[in-house]
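Fold and contact review
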Amino acid sequence: MSHYKHLTPKEREKILLLYEKNCSISYIAEAIGRNKSTVSRELSRNCINGIYSAVTAQNNYEKRRRKCRPEYKLKNPLIYAYVRDKFLEHQWSPEQISERLKLEKAAYSISYSTIYRGIYAGMFDTAEQRKSQGNRGAIRKLRHRGKTRHTKGHVETRGKIVISNPIEVRPKEAETRSRIGDWEGDTVVGTKNGPCLVTLTDRKSRFLISQRAAKKNSVCVRDTIIRCLTGQPLHSITPDRGKEFAHHCEITEALNGVDFYFPQPHQPWKRGTNENTNGLLREYFPKGDDLSRYSDEYIQSKVDELNKRPRKCLNYLTPYEVYYSLSLHLT
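Summary of the structure given here. (Residues numbered from 1 in each chain as written. Predicted model: local features only at pLDDT ≥ 70, side-chain atom pairs only at ≥ 80, totals over all residues. Heavy atoms only, no water.)

**Concerning the packing of helix 2 (residues 25–32) against helix 3 (residues 36–46)**
Test applied: Note on definitions: angles span 0 to 180 degrees between N-to-C directions of axes, and those axes are lines fitted to C-alpha atoms, for helices only across the stretch in contact. Where helices and strands are cited, they refer to DSSP runs of H or I of at least four residues and of E of at least two residues respectively, numbered from the N terminus. Roughly parallel means an angle under 35 degrees; roughly antiparallel, over 145; roughly perpendicular, 65 to 115; everything else is oblique. Rotating anticlockwise by less than a right angle from the far helix to the near helix defines a left-handed crossing, while the corresponding clockwise rotation defines a right-handed one. By definition in these notes, contact holds between two residues if any of their heavy atoms fall within 4.5 Å. Side-chain classes follow a simple rule in which Ala, Val, Leu, Ile, Met, Phe, Trp, Tyr, Cys and Pro form the nonpolar group, Asp, Glu, Lys and Arg form the charged group, and the remainder, Gly included, forms the polar group.
Relative to each other, helix 2 and helix 3 sit at 115°, their axes nearing to 8 Å. Classified by the angle between their axes, helix 2 and helix 3 sit roughly perpendicular to one another. Here helix 2 and helix 3 pass one another in a crossing that is right-handed. Where helix 2 abuts helix 3, its residues I25, S26, I28, A29 and I32 lie against K36, V39, S40 and L43. Among the residues forming the contact of helix 2 with helix 3, the class breakdown is 6 nonpolar, 2 polar and 1 charged.

Right under this line is the structure:
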């Protein structure tokens with residue numbers, strides 16, 4: 001560890017006084033308590049035509065100090081604009097932004113920790129958000145903003161349905177995510193008694209298929225699932241135990257005998273792929289939002305956006321690329 005300290009303005013002034021008196025470098029060094037090589041280097045760097053200025057020397061020192069520090073990457077307009085667009089307009093996480101740039105070997109790079117520092121420093125906040133005392137600005141765009149959880153001892157009050165197969169007997173290929181066509185299913189609710197989104201996520205690729213159902217009931221959800229999965233690779237479906245999936249036997253019949261596998265109650269982590277995807281979808285369709293006000297084209301555009309967002313679990317490929325075995329250029 002170096003204990004070297006840079007010359008202070010007072011030391012430079014003293015060097016100026018003694019230098020003008022033609023004192024030797026050794027004498028000046030002893031007078032200010034420095035090594036003579038320090039004084040020699042100071043004079044050789046900052047003397048112009050044999051004249052030394054303490055003010056000029058101090059200014060030169062401050063300029064050199066600024067240049068030796070790495071430039072803060074978010075001050076680069078090109079990088080800032082790219083990060084802002086992906087984070088605020090497309091809901092990419094800082095890590096997704098950083099790692100996708102690496103994957104595509106882009107002309108510039110930025111670490112996710114630098115992006116997080118910029119977010120928490122308010123670099124992506126609007127002027128109105130900075131003025132507000134209660135608005136936390138762009139921080140609220142980050143993934144986990146504090147979701148309510150069931151308290152310990154919570155008892156499920158929803159109706160029970162007859163299950164066909166427990167999740168424990170689901171095929172090994174579905175468990176290991178080794179093939180396309182093993183789906184997890186759920187619904188994303190808007191307003192009470194209003195339409196909902198039926199979401200189906202492929203376990204291997206994380207590819208999302210979603211359509212709006214007129215109501216969150218078993219008939220509407222049944223018909224929507226059949227529409228969504230007709231013509232898709234299909235080996236198994238793992239929904240939760242909500243009553244909206246009560247007609248799963250009819251779905252099995254309509255989709256060439258595909259089997260349903262149900263987890264135990266209160267175990268959402270056993271279909272965590274779909275749970276996580278629903279959380280991402282909530283960024284576009286918040287709880288309590290009236291889903292009837294959105295067009296089918298708009299809903300599909302947001303589904304497409306999620307499918308073309310790089311994922312860490314896919315080594316920063318997108319679900320679309322994995323599902324269709326294609327390569328995209330996103331940066």
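**Considerations on the sheet that holds strand 4 (residues 196–202)**
For clarity, the threshold we go by: Here the rule is simple: two strands pair whenever DSSP picks up at least two bridges between them.
Read across the sheet, 5 strands follow the order 5-4-3-6-7 without closing on themselves; strand pairing throughout is mixed. For this open sheet the edge positions go to strand 5 (208–213) and strand 7 (259–260), each flanked by a neighbour on one side alone. When strand 3 (residues 182–189) meets strand 6 (residues 236–239), the two strands line up parallel, connected through 4 bridges. Of the residues in strand 6, the one forming a bridge with E184 is T238. Strand contacts of helix 13 (residues 296–307): strand 4 and strand 5, with the helix running at about 160° to strand 5, the strand carrying the most contacts.

**Here's the deal with the environment of R309**
Within the element layout of this structure, R309 appears in the loop between helix 13 and helix 14 (319–324). Beyond its immediate chain neighbours, meaning those up to four positions away, R309 contacts H90, Q91, W92, Q96, R143, L280, E283, Y284, L317, T318 and P319.

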